[in-house]
Amino acid sequence: MADRTVLVTGGTGGLGGAVTAAFLRDGWRVVVPGRESGPPTPEPSGPVPVVADLLTPEGAARAVTTATAEPAAPLRAVVNLVGGYASGGLVHETPVEEFERMLRINLRPTYLVTQAALPHLVAAGGGAVVCVSARAAVAPFPGAAGYATAKAAVQAFANAIAVEYRPHGVRCNTVLPSVIDTPANRAAQPEADHRRWVPPAEIAAVIRFLAGAESAPTSGASVPVYGRA
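Sequence order as written defines the numbering, with residues in each chain counted from 1. Under the rules for a predicted model, residues below a pLDDT of 70 receive no local features and side-chain atom pairs below 80 are neither given nor counted, while totals for whole chains, interfaces and linings still include all residues. With hydrogens and water stripped out, all remaining heavy atoms of the structure feed into the side-chain values.

Draft legend 1. Structural view of the packing of helix H3 (residues 96-123) against helix H4 (residues 145-164). Here H3 crosses H4 at 20°, and the two axes come no closer than 7 Å. What the angle tells us is that H3 and H4 run roughly parallel. Of the two elements, H3 crosses H4, and the hand of that crossing is right-handed. On H4, the residues that touch Phe 99, Met 102, Leu 103, Asn 106, Leu 107, Thr 110, Tyr 111, Thr 114 and Leu 118 of H3 are Ala 145, Gly 146, Tyr 147, Thr 149, Ala 150, Lys 151, Ala 153, Val 154, Phe 157 and Ile 161. Basically, the charged four are Asp, Glu, Lys and Arg, the nonpolar ten are Ala, Val, Leu, Ile, Met, Phe, Trp, Tyr, Cys and Pro, and anything else, Gly included, counts as polar. For the contact of H3 with H4, the per-class residue count stands at 13 nonpolar, 5 polar and 1 charged. An axis is simply a line fitted to the C-alpha atoms; with a helix, the fit covers only the stretch in contact. Between two such axes, the angle follows the N-to-C directions and lies from 0 to 180 degrees. Note on conventions: DSSP H or I runs of at least 4 residues are helices, E runs of at least 2 residues are strands, and numbering of each starts at the N terminus. With respect to orientation, any angle under 35 degrees is reported as roughly parallel, any angle over 145 as roughly antiparallel, any angle of 65 to 115 as roughly perpendicular, and every other angle as oblique. Should the near helix be turned counterclockwise from the far one by less than a right angle, the crossing is left-handed, whereas a clockwise turn marks it as right-handed. Residues count as neighbours in contact if any of their non-hydrogen atoms are within 4.5 Å of one another.

Draft legend 2. Representation of the sheet that holds strand S6 (residues 170-177) in the model. By this definition, two strands are paired if DSSP reports at least two bridges between them. Read across the sheet, 7 strands follow the order S3-S2-S1-S4-S5-S6-S7 without closing on themselves; strand pairing throughout is parallel. Each edge of the sheet is formed by a strand with only one pairing partner; in this case those strands are strand S3 (48-51) and strand S7 (222-225). Adjacent strand axes in the sheet meet at a mean angle of 20°, parallel and antiparallel pairs treated alike. Judged from the 6 bridges that link them, strand S5 (residues 127-132) and S6 form a sheet pairing that is parallel. Bridge pairing in S6 places Val 130 opposite Asn 173. The strands touched by helix H1 (residues 14-25) within the sheet are strand S1 (5-9), strand S2 (29-34) and strand S4 (75-80), with S2 carrying the most contacts at an inclination of about 155°.

Draft legend 3. Broad picture of the pattern of salt bridges. Basic side-chain nitrogens of Lys or Arg form a salt bridge, by our definition, when they fall within 4 Å of a carboxyl oxygen of Asp or Glu. Evaluation of the coordinates by the stated rule reveals 7 salt bridges. A salt bridge links Arg 208 to Asp 26; the nearest nitrogen and oxygen atoms lie 2.7 Å apart. Pair noted here: Arg 208 is in helix H6 (residues 200-211) and Asp 26 is in the loop between H1 and S2, with a separation of 182 residues, a long-range link. You can call Arg 208 buried: its relative accessible area is 8%. Note on exposure labels: buried denotes an accessible area under 20% of the residue type's maximum, exposed denotes more than 50%, and partly exposed covers the range between, all computed with a 1.4 Å probe on protein chains only. Note on Asp 26: relative accessible area 40%, which makes it partly exposed. Arg 35 serves as the salt-bridge partner of Asp 53, at 3.3 Å between the closest nitrogen and oxygen. Within this pair, whereas Asp 53 is found in the loop between S3 and helix H2 (57-67), its partner Arg 35 is found in the loop between S2 and S3, the two being separated by 18 residues in sequence. Given the relative accessible area of 28%, Asp 53 is considered partly exposed.

If you want it as structure tokens, here you go:
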């Protein structure tokens, strides 16, 4: 039986599937929230599904309650993958509602889930939080001011967690992908050189490392996972 639990938000997406698989291979109990119910009876060797709207405090609390339901496998890591991307015009062409939407879908779930999980990580004697920002946070490009701002906010939030919870043994690190080689991204950019994009499994390996005891000395890091993009 697993002796530790990880909560993976966005665990059913293109990157999330690879992250979930990486933790399952290493024997973790993996809890994956979603807005819709999963299989009626989850596979014994698969992730534990939970229906939860992570944009609400109630949904985040529900996800964490499921993640902490097994005393023999305490919650030791949270991986915040939930987010979204939208391109648009320049800043003067972008409605404030669209700008705020990027903040809402990228920052709010990360904040709410982490906030709900932190007391449990502290009570378990420590643990790790891994957040997903983006290269756009440090190298913006035209037409994505809202996305770049939101991902920079995720990075800043993760750094704040690293400082505030260091005395409690909770680490927090961030990964910054470039373009991830997923079917959705290939469909959106069919003419791009996909060989330069970073495969989800390679990012998942970095996230798994940052969540485990192997990276115990590391907190407050922003790790680029650009591939050759």
